[in-house]
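Each chain, letter by letter, is given below.
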Amino acid sequence: MTKHHFDTRLLHQEDFRDKQTGAVNVPLHYSSTFHQESIDEFGPYDYSRSGNPTRQALENTIAELENGEQGFAFASGMAAISSAFMLLSAGDHVLVSKDVYGGTFRVITEVLTQFDIEHTFIDMTDLDETARSVKPNTKVIYVETPSNPCLNITDIEGVAKVAKANGCLTFVDNTFMTPLLQKPLDLGADLVLHSATKFLSGHSDVVAGLAVTKNKEIGKRLKFVQNSFGSILGVQDCWLLLRGMKTLSVRLNQSSQTARDLAQYLHHHPMIEEVYYPGFSFHAGYPIHQRQSAGAGAVLSFRLPSKDCARVFVEQLKIPVFAVSLGAVESILSYPATMSHSAMPTEEREKRGITDGLLRLSVGLENADDLLDDIKQALTAVEQLAPAAQV
């Protein structure tokens, strides 16, 4: 049977249509427990921490979209990431992209260390450094590409080859790209992770995490962790996430187009010191990103000269929400230093390029001209109306 295009698969999954009633939406199974017919043989569900039909529909869907073996739905992106790290044991070592999300940095540096799990942050855009950094006890290489917030690009296939040569697993955070634009499992990764709060949900109304494993053995181990810790996604949020995912393609494609236009404008503006956007042909990771991804995505970051400049810019903007998170229908502007990466010490942030003038913009579905006009007037305010922000 011919496999349909991604857009069609977003809308037509086997689990979507209720077999009893013909309903075109997945039913919400609000049940903590399930009746069993025998003391000797249980049905597919017994207790909703271990499995629920609504959650199963979501988990099957993300596994199919990522071309994986088994999917898992967690209470948040960090719950998914933390559960994945529970596949490690005391004495193990993990290699991590140095410019990783602040929440991941916190778990690695302040939680995993309590369990005697070692870590090394490296420039994973450099495959030679990655290979040199593998230790005898390295068990996982953790990749975030494009990275948050400076959008550096890591060669997933190259890292996966290094991992396999050393008996390691490769974990990839695919939040920014989603399976619409990037499929890490096809490139050799063993496990892919999502903060589904972001583009997959897309409406700023769900906090969720998803994971997909490449084979049954890793899936079995992660299932044990999920059931043991119980950090599962609730039924209502599973349903909302399934609904949000149906429009992923049209949402992300439009937002990505607007992001490209805004990145070009910001790149040429004299007040902007640098724009971080993997769609630029001069981006250091552009050739790799072109090879492994189907688009540049809807997130970009840019650096103003100072914190004062950033403050004036934020205060003058009218359209984007100024908030944590990203990937929603509304544009969201964030200040990484005190938001997504507040868990990082100042010295660590600055070494990674997360300066006091850095802002991250997740582009939504507003009219592109309206967004551009809003950014123009905010930059004019930085130049003309804020003497304290002048450089």
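Refer to the structure above for everything that follows.
Not measured: the values here are computed from a predicted model.

Take the sheet that holds strand S11 (residues 332–334) next. Read across the open sheet, the five strands follow the order S8-S9-S12-S11-S10; overall the sheet is mixed. Pairing within the sheet leaves two strands with one partner each, and these edge strands are strand S8 (274–276) and strand S10 (321–322). Across three bridges, the pairing between S8 and strand S9 (residues 299–303) is antiparallel. Each bridged residue has a counterpart across the sheet, and for Glu274 the counterpart in S9 is Arg303. Where helix H10 (residues 248–267) meets the sheet, its contacts fall on S8, S9 and strand S12 (358–362), and the angle it forms with S9 comes to roughly 15 degrees.

Running from N to C, helix H2 (residues 53–65) and helix H9 (residues 235–245) point in directions that differ by 35 degrees, and their axes come no closer than 8 Å. Seen from above, H2 lies across H9 with left-handed handedness. Contact residues: Thr54, Arg55, Ala57, Leu58, Thr61, Ile62 and Leu65 in H2; Val235, Cys238, Trp239, Leu241, Leu242 and Met245 in H9. Taken together, the residues of the contact of H2 with H9 break down into ten nonpolar, two polar and one charged.

Attention now goes to the pairing of strand S6 (residues 191–195). Among the five residues of S6, five are classified as buried, and the element is accordingly described as predominantly covered. Residue alternation in S6 divides its side chains into two sets, Leu191, Leu193 and Ser195 and Val192 and His194, and both sets are buried. As paired elements, strand S5 (residues 169–173) and S6 share three bridges and run parallel to each other. Bridge assignment links Val172 to a residue of S6, and that residue is Val192. For S6 and strand S7 (residues 209–213), the ladder comprises five bridges, and the chain directions are antiparallel. The residue of S7 that forms the bridge with Leu191 is Thr213.

Attention shifts here to the sheet that holds S5. Read from one edge to the other, the open sheet built from seven strands follows the order S1-S7-S6-S5-S4-S2-S3, with strand pairing classed as mixed. Since the sheet does not close on itself, it has two edges, and those belong to strand S1 (70–74) and strand S3 (118–122), each with one partner. For this sheet the average axis-to-axis angle between neighbouring strands, irrespective of direction, equals 20 degrees. Contacting S1, strand S2 (93–97), strand S4 (138–144), S5, S6 and S7, helix H3 (residues 77–85) crosses the sheet at an angle of about 155 degrees to S6. Seen against the sheet, helix H8 (residues 216–229) touches S1, S5, S6 and S7 and runs at an angle of roughly 20 degrees to S1.

Let us look at the layout of surface pockets. In this structure, the largest pocket encloses a volume near 410 Å³. Around the largest pocket, the lining comprises 24 residues; the ones closest to its centre are Tyr101, Asn148, Ser195, Lys198 and Ser325. No other element matches the three residues that H3 contributes to the lining of the largest pocket. Its volume calculated, the second largest pocket comes out at about 330 Å³. If you go around the second largest pocket, you meet 24 residues; those closest to its centre are Cys150, Asn152, Tyr276, His283 and Ala284. If one sorts the elements of the lining of the second largest pocket by residue count, S8 sits on top with three residues. Class assignment for the residues of the lining of the second largest pocket results in ten nonpolar, seven polar and seven charged.

For the rest of this paragraph, the subject is the side chain of Thr61. Checked against the element boundaries, Thr61 lands in helix H2. Side-chain polar atoms of Thr61 contact the backbone oxygen of Ala57, separated by 2.7 Å. Among residues more than four places away in sequence, those in contact with Thr61 are Gln13, Phe16, Leu242 and Met245.

Here we come to H9. With eight of eleven residues buried, H9 lies mostly within the body of the structure. Turning to H9, its buried residues are Val235, Cys238, Trp239, Leu240, Leu241, Leu242, Gly244 and Met245. Those residues of H9 hidden inside the fold are in contact with helix H1 (6–11), H2, S7 and H10.

Rules behind the numbers
- Residues numbered from 1 in each chain as written.
- Predicted model: local features only at pLDDT ≥ 70, side-chain atom pairs only at ≥ 80, totals over all residues.
- Heavy atoms only, no water.
- Pairing = 2+ DSSP bridges.
- Helix = DSSP H or I, 4+ residues; strand = E, 2+ residues; numbered from the N terminus.
- Contact = heavy atoms within 4.5 Å.
- Axes fitted to C-alpha atoms, helices over the stretch in contact; angles between N-to-C directions.
- Left-handed = near helix turned anticlockwise from the far one by under 90°.
- Nonpolar A, V, L, I, M, F, W, Y, C, P; charged D, E, K, R; others polar.
- Buried < 20%, exposed > 50% of the residue type's maximum accessible area, 1.4 Å probe, protein only.
- 1 Å grid on protein atoms, 1.4 Å probe; cavity = no way out; pocket = protein on both sides within 12 Å on 5 of 7 lines; lining within 4 Å.
- Points joined across faces, edges and corners; volume = space filled by probe spheres on them.
- Polar contact = N/O pair within 3.5 Å; in protein donor to acceptor, adjacent residues only side chain to side chain.

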